[in-house]
Amino acid sequence: TTTTEIVMKNRLQKTSPTCISRLGCISRGNSQGIFFCWGVTDGLAQNCDLSDNLDYGVTIGHRDTDNRIAHCTIERNHKVGLLFRQPLSEFRGAHRNLVEGCTICDNGFKSKGFGIQFLGETHDVIIRDNIFADSGQSQQKIGIQVSAEAEGTKISGNTFTGMEQEVVYLPTTENQSSLASGAS
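Residues numbered from 1 in each chain as written. Predicted model: local features only at pLDDT ≥ 70, side-chain atom pairs only at ≥ 80, totals over all residues. Heavy atoms only, no water.

Draft legend 1. Focus on the overall build of the protein chain. Helix and strand counts for the protein chain stand at one helix and 20 strands. The buried share among the 184 residues of the protein chain stands at 50%. Look at the contacts in the protein chain between residues 6 or more apart in sequence, and 67% of them connect residues 24 or more apart. In the structure as shown, the protein chain presents an accessible area of about 8700 Å², 48% of it carried by carbon and sulfur atoms. (Helix = DSSP H or I, 4+ residues; strand = E, 2+ residues; numbered from the N terminus. Buried < 20%, exposed > 50% of the residue type's maximum accessible area, 1.4 Å probe, protein only. Contact = heavy atoms within 4.5 Å. Areas by Shrake-Rupley, 256 points an atom, 1.4 Å probe, with all protein chains shown as cover.)

Laid out in structure tokens, this is it:
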């Protein structure tokens, strides 16, 4: 089987059961650097420069699973460096993806300043051996924000420099209710 790759405004969409690869690509000044779109599996974005985009360097979600983002430069994207989108349901989450060896710097200066942000139910994502940095202008304030619904996220071997917070785990609604009522 072959894969027909549809690339429109850097959207990657898989049309058969094999993988999509973007090796050494440059995406600057777009809305989004790479947009994994509806069911991309076993994809590879490697050695890409995904910087200076108006929204996101990388956005992934809606059943985009088992993908690898490796050795990419993700810098100065206006909203978030890498966004795990809010899925329509747990089944549609961006599960078992790997982000490794990337430089994620100065993202989110037109928003809350996230290098990586998880929204909603995403399971078993690995974030390892990356460099997260703010160059001193308080643009990227948080390295990684993990949603309360995310499960099995493994974060290891990363370097964080110059940010207000390295990793933020959002509390579950249940924990927030317990804290508000005085329970511990």
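Draft legend 2. The arrangement of the pairing of strand 11 (residues 80–84) in detail. Taken across its five residues, strand 11 has five buried, putting it largely inside the fold. With four bridges connecting them, strand 8 (residues 56–60) and strand 11 associate as parallel partners. Counted as the bridge partner of valine 58 is leucine 82 from strand 11. Relative to strand 14 (residues 114–118), strand 11 is paired through four bridges, and the arrangement is parallel. The residue of strand 14 that forms the bridge with phenylalanine 84 is phenylalanine 118. (Pairing = 2+ DSSP bridges.)

Draft legend 3. Layout of the pairing of strand 17 (residues 142–146). Counting buried positions over the five residues of strand 17 gives five, a clear majority of the element. For strand 14 and strand 17, the ladder comprises three bridges, and the chain directions are parallel. Note on strand 17: the bridge partner recorded for phenylalanine 114 is isoleucine 142. Pairing of strand 17 with strand 20 (residues 165–169), which is carried by four bridges, proceeds in the parallel orientation. Pairing of glutamine 145 across the sheet is with valine 168, part of strand 20.

Draft legend 4. Structural context of unusual backbone geometry. For aspartate 66, which is not glycine, the phi dihedral falls at a positive 60°. Assessed through its relative accessible area of 28%, aspartate 66 is described here as partly exposed.

Draft legend 5. Inspection of the environment of serine 51 at higher detail. Residue position: serine 51 is located in strand 7 (residues 49–51). A relative accessible area of 0% places serine 51 in the buried class. In sequence terms serine 51 and arginine 76 are 25 residues apart; their C-alpha atoms lie 5.7 Å from each other. Beyond its immediate stretch of four places on either side in the chain, serine 51 contacts Ser27, Arg28, Gly29, Thr73, Ile74, Glu75, Arg76 and Asn77. Within the structure, the side chain of serine 51 is placed 3.3 Å from the backbone nitrogen of glutamate 75, a separation counted as a polar contact. (Polar contact = N/O pair within 3.5 Å; in protein donor to acceptor, adjacent residues only side chain to side chain.)

Draft legend 6. Broad picture of the pattern of salt bridges. The final tally for this structure, using the stated rule, is nine salt bridges. Here arginine 28 and aspartate 49 are joined by a salt bridge, their closest N and O atoms 2.6 Å apart. Pair noted here: arginine 28 is in strand 4 (residues 26–28) and aspartate 49 is in strand 7, with a separation of 21 residues, a long-range link. Taking relative accessible area as the criterion, arginine 28 reaches 40% and is therefore assigned partly exposed. The exposure class of aspartate 49 is buried, given its relative accessible area of 17%. (Salt bridge = Lys/Arg side-chain N within 4 Å of Asp/Glu carboxyl O.)

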